[in-house]
Amino acid sequence: MTEAPENKAGPDTRSGFVALIGAPNAGKSTLLNHLVGAKVSIVSHKVQTTRALVRGIVIHDQAQIVFVDTPGIFKPRRRLDRAMVTSAWGGAHDADVICFLIDAERGLVGDAENILDGLKEVSRPKVLLINKIDRVKPEALLELTAKANEAVDFERTFMISALKGSGCGDVLDYLAEALPEGPWYYPQDQISDLPMRQLAAEITREKLYLRLHQELPYASHVETEKWEERKDGSVRIEQVVYVQRDSQKKIVLGKGGETIKNISRTARKELAEILEQPVHLFLFVKVRDNWGDDPERYREIGLDFPS
């Protein structure tokens, strides 16, 4: 990635929004973090980890590329599901370019196939990114590429590994030229528009999922309630983990509080690295059985409350 130019509104500057869409666990958040070069979107093996639009900002050559990591698109069953899918398609319709990410191992089945059909109705330039190419044979990649391009008129197709970074430079080269000319939207040193309080909550939610994975149901939520910058240069953060039942609260706390201590410890370590200052993190677990139907929780996440 080249050094960012000083002039953010010169005659050669370009800028625009690039939506990353795909089925759950296609690798969008992993790709975004690699392109940005920093943690801006949480990653876990649990599907639908990303809930709202997360923007990561990349300077490449003379272009400012604002990547929009959208929730995985799937068949919604609950109110929260509907809000996430609506948010994802909204991000696609508003973007200058759409990057459709396909898991090469899974191919065009289920949710990925449905997204491909939906893309036919979106009048935006579209780019195909086939991810996890190191896990399948070349002939399978060629077959997958041909099938996708027969269904949708993609401008370009890129073979990538979001985890290893292979092929990602070519994607940046293309997008830096494809975006419209114009001034940059954000300051040169900004890598995300996600408020730090929200990013901190997302980091804790990631550690929650990584620690418990299958034990904790999908319907859990983390909010940052207090953020205090202290005179000694440290920051005190208080967060609440919301679950829906007492049995889930016991899972999160663990025997003798060991599980929540582990989650707090790993989240605090990563937050201290991101903030570059000592962090005192305090986690509380509360039961709120109807949080999935509470408009205030949706606003906190960054989603519109569906009727």
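The text that follows walks through the structure, step by step, so that each part is easy to find. (Residues numbered from 1 in each chain as written. Predicted model: local features only at pLDDT ≥ 70, side-chain atom pairs only at ≥ 80, totals over all residues. Heavy atoms only, no water.)

1. Topic: a negative patch on the surface
Rules: Here the term patch refers to residues with relative accessible area over 30% and no salt bridge, with like charges joined within 9 Å and nonpolar side chains (Val, Leu, Ile, Met, Phe, Trp, Tyr) within 5 Å. Each accessible area is a Shrake-Rupley estimate made with a 1.4 Å probe; only the visible protein chains count as cover when residues are assessed. What counts as a salt bridge is simple: a side-chain nitrogen of Lys or Arg found within 4 Å of a carboxyl oxygen of Asp or Glu. Note on charges: Lys and Arg go in the positive column, Asp and Glu in the negative column, and His and the chain ends are not counted at all. For this purpose, a charge sits on NZ of Lys, CZ of Arg, CG of Asp or CD of Glu. The helix count covers DSSP runs of H or I at least four residues long, the strand count covers runs of E at least two residues long, and both are numbered beginning at the N terminus. Burial here depends on accessible area, computed with a 1.4 Å probe over protein chains only, as a share of the maximum for the residue type. Under 20% is buried, over 50% is exposed, and the range in between is partly exposed.
There is a patch of like negative charges on the surface, built from Asp61, Asp170, Asp173 and Glu177. Structurally, the position occupied by aspartate 61 is in the loop between β2 (54-60) and β3 (63-69). Relative accessible area serves as the criterion here: at 33%, aspartate 61 is assigned to the partly exposed category.

2. Quick word on the pattern of salt bridges
The final tally for this structure, using the stated rule, is 11 salt bridges. The partner of arginine 106 in a salt bridge is aspartate 103, with the nearest N and O atoms 3.6 Å apart. Under the relative-accessibility criterion, arginine 106 is labelled partly exposed at 40%. Owing to a relative accessible area of 6%, aspartate 103 belongs among the buried residues under this scheme.

3. Quick notes on unusual backbone geometry
The phi dihedral of lysine 132 is positive, around 65 degrees, even though this residue is not glycine. As for its position among the elements, lysine 132 is in the loop between β5 (126-131) and α4 (138-151). For glutamate 276, which is not glycine, the phi dihedral falls at a positive 55 degrees. Here glutamate 276 shows up in the loop between α8 (258-275) and β9 (279-287).

4. Some words on the nonpolar core
Put simply, the rule is: Buried residues of nine kinds, namely Ala, Val, Leu, Ile, Met, Phe, Trp, Tyr and Cys, make up a nonpolar core once their side-chain atoms join them within 4.5 Å.
If you look at the biggest cluster of nonpolar residues, it comprises 27 residues, and the most contacted ones within it are Val18, Leu31, Ile65, Phe67, Leu129 and Leu175. For this core, the elements supplying multiple residues, two or more each, are β1 (14-22), α1 (28-36), β2, β3, β4 (97-103), β5 and α5 (168-178).

5. Focus on α1
Convention followed: For this analysis, residues touch if any pair of their heavy atoms sits within 4.5 Å.
The element α1 is extensively covered by neighbouring structure, given that seven of its nine residues are classed as buried. Within the sequence span of α1, burial applies to Lys28, Ser29, Leu31, Leu32, Asn33, Leu35 and Val36. The secondary structure elements touched by the buried residues of α1 are β1, β2, β3, β4, β5 and α5. Once α1 ends, the next one or two residues include glycine 37, with phi positive near 85 degrees.

6. With respect to the packing of helix α6 (residues 196-212) against α8
The criterion, for reference: Axis definition: a line fit to C-alpha positions, over the contact stretch in the case of helices; interaxial angles, taken between N-to-C directions, run 0 to 180 degrees. Here is the rule for angles: anything less than 35 degrees is roughly parallel, anything more than 145 is roughly antiparallel, 65 through 115 is roughly perpendicular, and the remaining ranges are oblique. Each crossing gets its hand from how the near helix is turned against the far one by less than a right angle, where anticlockwise is left-handed and clockwise is right-handed. By the convention adopted, Pro, Cys, Tyr, Trp, Phe, Met, Ile, Leu, Val and Ala count as nonpolar, Lys, Arg, Asp and Glu as charged, and the other residues, Gly among them, as polar.
Viewed as axis vectors pointing N to C, α6 and α8 meet at an angle of 140 degrees, and their least axial separation amounts to 9 Å. Looking at the two axes, α6 sits oblique to α8. You can see that α6 and α8 cross each other, and the crossing is right-handed. Here Met196, Ala200, Ile203, Thr204, Glu206, Lys207, Leu208, Arg211 and Leu212 of α6 come into contact with α8, specifically with Thr259, Asn262, Ile263, Thr266, Ala267, Glu270, Leu271, Ile274 and Leu275. Classifying every residue of the contact of α6 with α8 gives 10 nonpolar, four polar and four charged.

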